[in-house]
Structure formats: structure tokens, C-alpha cells
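Here's the letter readout for the chains.
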Amino acid sequence: MFSSGLFEAPFRWVGKTILGFNYEFDVSGYGSGDNTYAYITLFVNIILALAVTILWSLLQGKKEEYNKFFYWFLVVLRFFIIAAMLLYGFVKVFQIQFQPPSFVRLLQPLGEFSPMGLAWTYMGYSKGFGMFAGIMEIIGGVLLIWRRTATLGAFIVIGVMTQVAMMNLMFDIPVKLFSIHLILMAGVIFMTDTKRFTSVFIKNTSTESYNFYHPITSKSYHKIIRNSKIILLPIVLIAGCVLSYLGQLNISDINHRPKLYGIWETKSFVRNNDTIPPLVTDSYRWRYLLIERKGNAIVKTMTDNLVKHTFITDTTQNKISIYSQYGIKDSLNFKYTLENSKYLKLFGILENDSLVITLTKKDVNKFPLKSRGFRWINERPYNK
């Protein structure tokens, strides 16, 4: 995508003048691959591709020149798809892209999920399913490395990415353009070998071996390329596994669990010496305290509002620094007592209010999503 300042001004002009976008839009998209600027870029790229195709068709002299261009075009497509498949494959295998449901997700009513949030939770819940999807992407990418297996690799990529694209379309995940592009790229590679595919799988006839065109005939060149692939592939796969594993450790809560880790449900809430009843209309009273990451906590109020807090625990003094995202920073403004790792009591000053809060720890494993697990034998469907 042309996202630099050099192209932003003309692209904005195209969007407003030709495509009629009369609203303000951001270039970055904040992580969205389907923002307005992306569609403007797609439109410009289509126009440029058509212009280049027409110009090439008019100016090309020999068929050999076309074959050379098409060969290197396919090489570029294969490299691009290989990189995308390995990247997306490894982040799925090691649960970086889709993570297990957080405490907030476990307490969130289904109706409050966005379609994308539901899809992310669905994929993140099952580590095995995510690993399967990632391994299939990696297999498709690896097979594209060699021309002899590129057709099979493209076929696998088409199948895998079609499922991804349909998920993006049906769950409103803003990677629609990119996933569809990968399908089309793999389709171009696959179409170069459709004759043999149709002969075997559709016509049920025999097929002959095919001598692939290559613009470079030097044997030493091909030997170097072949040996380079054999050497680099294990290095890339090992590096991908190591880096992805380290990335998983960095984002996983296993290595970031604080002392008071857990979902804490409020049993009594005393504010300025007044016991506050658990009214569902009270936007201040805590309903849950969610402590999942070091240095952070989320308060879920009785009205189901989520308020982020800095939450730094000093286990030697049994004190905590608690202040909200927009509150006044205070150092060790709370004391706490912990009994049997199940009963927590907080007392201190938060934003000029004296609070005494008694909480009990919920057993996360009692959530059906956590407790059900896998079973080969099911006497009846467990659907609730």
C-alpha cells in the first residue's frame, strides 16, 4: 500500500473527487486493513494494473519476453504468499493471534460481543483448532517453495484462505481485502497447472510430466538455489518456532500473573463508612475486581462498566498502589489481607473516598467454557 506522505495527498484527491468519499478518514486505519484508504489504494492499483497490462500487450515483441515476465511474476507471488502463510501460521500455532478468553470475556454477556470479538474468542478457546489452522497454513507455504509442489501448495492455500476470508466476511473482521488477495494470488499459481489437475481429477485420464519453463538454464545456478532452499528452510522453521514461542511467553498470562491473580467478586463495599448495597443501577460500586496482568486490574461496576486501574502490589508490606486510568496517581494507598488465597480485603483511599472492600475469589474452572474439556463419548449433546 502507498501510505507515505508522497502518495497520501493524491490518493485523498482520488477518494474525494473520483470515488466521492466526502467524509474525513484516517490513513493508518488503526489496524484495519479495510479502511477507506485501503479501498482507494485498491482502486488506484486496479487502474494502474490495467494500464500496465494494456501497455505491455501493445509493446511486447516476443513470446519469450512474456514468459520471462510471467515466470518472475509467479516467483514474486510465491515469495509473498510463503511469507504470509508462515507468519500467520506460526502466530496461530503458538496462540499469539488468538488468545484464550480473558477474565473480561468470561464475565461478558454473549450479546455484548462484537462479531469480531466472538470470532476471536471462538478461535482462541481451542488451542488445538488454532494449531491445526496454523499448521495447514505453514504446510501450504512450505510447499510453495519448490515449483514441483507449488500447485499442491497453492491448492492448500486456496482452501485455507477461503475459510479465513469467509470468516472475515461473515464476522466483519477487517482483513477482508488481504485474505481475498491471497486467494487470488494462490489461484494464479494454481491455474498455471490446471491442465494436469483436470486430466487426473476431472477427466480421469493419464497425464505426462511437465518441463517447467525457466529463463535461466545454468546448472550451477539451479544447484545453488536448490541447496539454499534445503539449508534455509530448517533455519526459517526453527527461527519461526523459537521467536513465536518467545512471543507467546511474552503475552501469555502464565508468566505475567500477579500475586492476587484471579476474578474477585465483591461481597461488601463500604464507602466513607457507609455500606453500599449491590444495586444494579450503581455505577460506582464494584461488582468484580479482575486481576490478570502484573501492574493492571479492571474493575467491573454494578452497571457492567469496565474501569481500568493501575494495580501494583507490594507483597512485603501487603500494600497496593491503586488508581484509575484517569484518576490521581497515589503510592501504596491501599492495604490488603489475604486469607486462604480465597478471601481478599482491601482498605484505603481512592480518589478521596475511604473504601473497605471484601471480595471472594471465583473458581475460574467452574465456568462451563473452562470445565467441559474434550470427550470422545457424549451420551447427549452438551449445548448450553
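Residues numbered from 1 in each chain as written. Predicted model: local features only at pLDDT ≥ 70, side-chain atom pairs only at ≥ 80, totals over all residues. Heavy atoms only, no water.

K.L.:
Would you explain the overall build of the protein in this entry?
P.N.:
The number of helices and strands found in the protein is eleven helices and nine strands. By the compact-globule yardstick of 21 Å for 384 residues, the protein is too spread out, its C-alpha radius of gyration being 28 Å. Projected onto the principal axes, the alpha-carbon positions of the protein cover approximately 90 × 60 × 45 Å. Here the protein, with 384 residues, has 34% of them falling under the buried criterion. (Helix = DSSP H or I, 4+ residues; strand = E, 2+ residues; numbered from the N terminus. Rg over C-alpha atoms; globule rule 2.2 N^0.38 Å. Buried < 20%, exposed > 50% of the residue type's maximum accessible area, 1.4 Å probe, protein only.)

K.L.:
Teacher, can you tell me more about helix 5 (residues 115-125) here?
P.N.:
Given 3.6 residues per helical turn, the α-helix brings residues three or four places apart onto the same face. Within helix 5, burial applies to Gly117, Ala119, Thr121, Met123 and Gly124. Those residues of helix 5 hidden inside the fold are in contact with helix 4 (103-107), helix 6 (127-143) and helix 7 (147-170). (Contact = heavy atoms within 4.5 Å.)

K.L.:
Which parts of the structure should I look at to understand empty space enclosed by the protein?
P.N.:
Where empty space is left can be seen by rolling a probe of water-molecule size over the atoms. Following the criterion strictly, the structure yields one cavity of 30 Å³ or more and no others. Considering only enclosed or pocket space, the largest cavity measures out at about 40 Å³ in volume. If you go around the largest cavity, the residues you meet are Val91, Lys92, Gln95, Phe98, Met123, Ser126, Lys127 and Gly130. Within the residue set of the lining of the largest cavity, elements represented by two or more residues are helix 3 (63-93) and helix 6. Of the residues in the lining of the largest cavity, the class split is three nonpolar, three polar and two charged. (1 Å grid on protein atoms, 1.4 Å probe; cavity = no way out; pocket = protein on both sides within 12 Å on 5 of 7 lines; lining within 4 Å. Points joined across faces, edges and corners; volume = space filled by probe spheres on them. Nonpolar A, V, L, I, M, F, W, Y, C, P; charged D, E, K, R; others polar.)

K.L.:
What am I meant to see in the UniProt feature "transmembrane region" (unreviewed entry) in the protein here?
P.N.:
According to UniProt, the positions carrying the feature "transmembrane region" (unreviewed entry) are residues 37-58, 70-91, 128-146, 153-171, 177-194 and 230-247. When the span residues 177-194 is considered, its composition is 89% helix and 0% strand, and the gap between its end C-alpha atoms is 25 Å. The span residues 230-247 is 100% helix and 0% strand, and its two end C-alpha atoms sit 26 Å from each other. (UniProt positions renumbered as here; feature names shortened; annotations may be inferred.)

K.L.:
Honestly, the pattern of salt bridges in this entry has me stumped. Any pointers?
P.N.:
Any two side chains of opposite charge can pair if their charged atoms end up close together. Per the stated rule, a full pass over the model turns up eleven salt bridges. Its salt-bridge partner being aspartate 172, residue lysine 176 comes within 3.2 Å of it at the nearest N-O pair. Taking the relative accessible area as the measure of exposure, lysine 176 reaches 15% and is therefore buried. Taking the relative accessible area as the measure of exposure, aspartate 172 reaches 51% and is therefore exposed. Among the ionic pairs, aspartate 304 bridges to lysine 300, the shortest N-O distance being 3.9 Å. Residue aspartate 304 is classed as partly exposed on the basis of its relative accessible area, which comes to 28%. Put simply, Asp34, Asp172 and Lys176 are held in one network by salt bridges that share partners. (Salt bridge = Lys/Arg side-chain N within 4 Å of Asp/Glu carboxyl O.)

K.L.:
I would appreciate a short explanation of a nonpolar patch on the surface in the present structure.
P.N.:
A cluster of nonpolar side chains, Ile238, Val242, Leu243, Tyr245, Leu246 and Leu249, forms an exposed patch at the surface whose accessible area comes to about 580 Å². Leucine 246 sits in the partly exposed class, given a relative accessible area of 48%. (Patch = residues over 30% accessible without salt bridge, like charges linked within 9 Å, V, L, I, M, F, W, Y side chains within 5 Å. Areas by Shrake-Rupley, 256 points an atom, 1.4 Å probe, with all protein chains shown as cover.)

K.L.:
Honestly, the nonpolar core in this entry has me stumped. Any pointers?
P.N.:
Soluble globular proteins tend to bury their nonpolar side chains together. Residues Ile81, Met85, Leu144, Val157, Met161, Leu182 and Ile189 are the most contacted members of the largest nonpolar core, which totals 27 residues. Residue assignment for this core shows that the elements contributing at least two residues are helix 3, helix 6, helix 7 and helix 8 (176-191). Examining the composition of this core, we find that nine residues originate from one element, helix 3, more than from any other. The residues contacting leucine 144, other than those within four sequence positions of it, are Arg78, Ile81, Ile82, Ala150, Gly153, Ala154, Val157 and Ile189. Counting residues in each nonpolar core, the second largest holds 20 residues, with Ile291, Leu344, Leu346 and Leu355 among its members. (Core = buried A, V, L, I, M, F, W, Y, C linked by side-chain atoms within 4.5 Å.)

K.L.:
Sorry if this is basic, but what is going on with the packing of helix 6 against helix 7 here?
P.N.:
When two helices pack together, their arrangement is given by the angle between the helix axes and by the axis-to-axis distance. As a packed pair, helix 6 and helix 7 sit with axes 7 Å apart at the nearest point and diverge in direction by 150°. Our classification of the angle between helix 6 and helix 7 gives roughly antiparallel. Helix 7 is crossed by helix 6, and the crossing has left-handed handedness. Facing Met136, Glu137, Ile139, Gly140, Gly141 and Leu143 of helix 6, the residues of helix 7 in contact are Thr149, Ala150, Leu152, Gly153, Ile156, Val157, Val160, Met161 and Val164. (Axes fitted to C-alpha atoms, helices over the stretch in contact; angles between N-to-C directions. Parallel < 35°, antiparallel > 145°, perpendicular 65-115°, else oblique. Left-handed = near helix turned anticlockwise from the far one by under 90°.)

K.L.:
Would you take a moment to explain the pairing of strand 5 (residues 306-314) for this structure?
P.N.:
Along any regular strand the residues' side chains alternate between the sheet's two faces. The sheet contact formed by strand 4 (residues 295-301) and strand 5 spans six bridges and is antiparallel. If you follow valine 299 over to strand 5, its bridge partner there is valine 307. As consecutive antiparallel partners, strand 4 and strand 5 are separated by four residues, and within that stretch aspartate 304 has a phi angle of approximately 70°, a positive value. Taken together, the six bridges between strand 5 and strand 6 (residues 319-324) define a ladder with antiparallel strand orientation. When the sheet's bridge partners are listed, phenylalanine 311 is paired in strand 6 with isoleucine 322. Hairpin connection from strand 5 to strand 6: four residues lie between these consecutive antiparallel strands, with asparagine 318 at a positive phi of about 55°. (Pairing = 2+ DSSP bridges.)

K.L.:
How do you make sense of the side chain of serine 244 when you look at a structure like this?
P.N.:
Tracing the backbone through its elements, the reader meets serine 244 in helix 10 (residues 219-251). Separated by 2.7 Å, the side chain of serine 244 and the backbone oxygen of glycine 240 make a polar contact. (Polar contact = N/O pair within 3.5 Å; in protein donor to acceptor, adjacent residues only side chain to side chain.)

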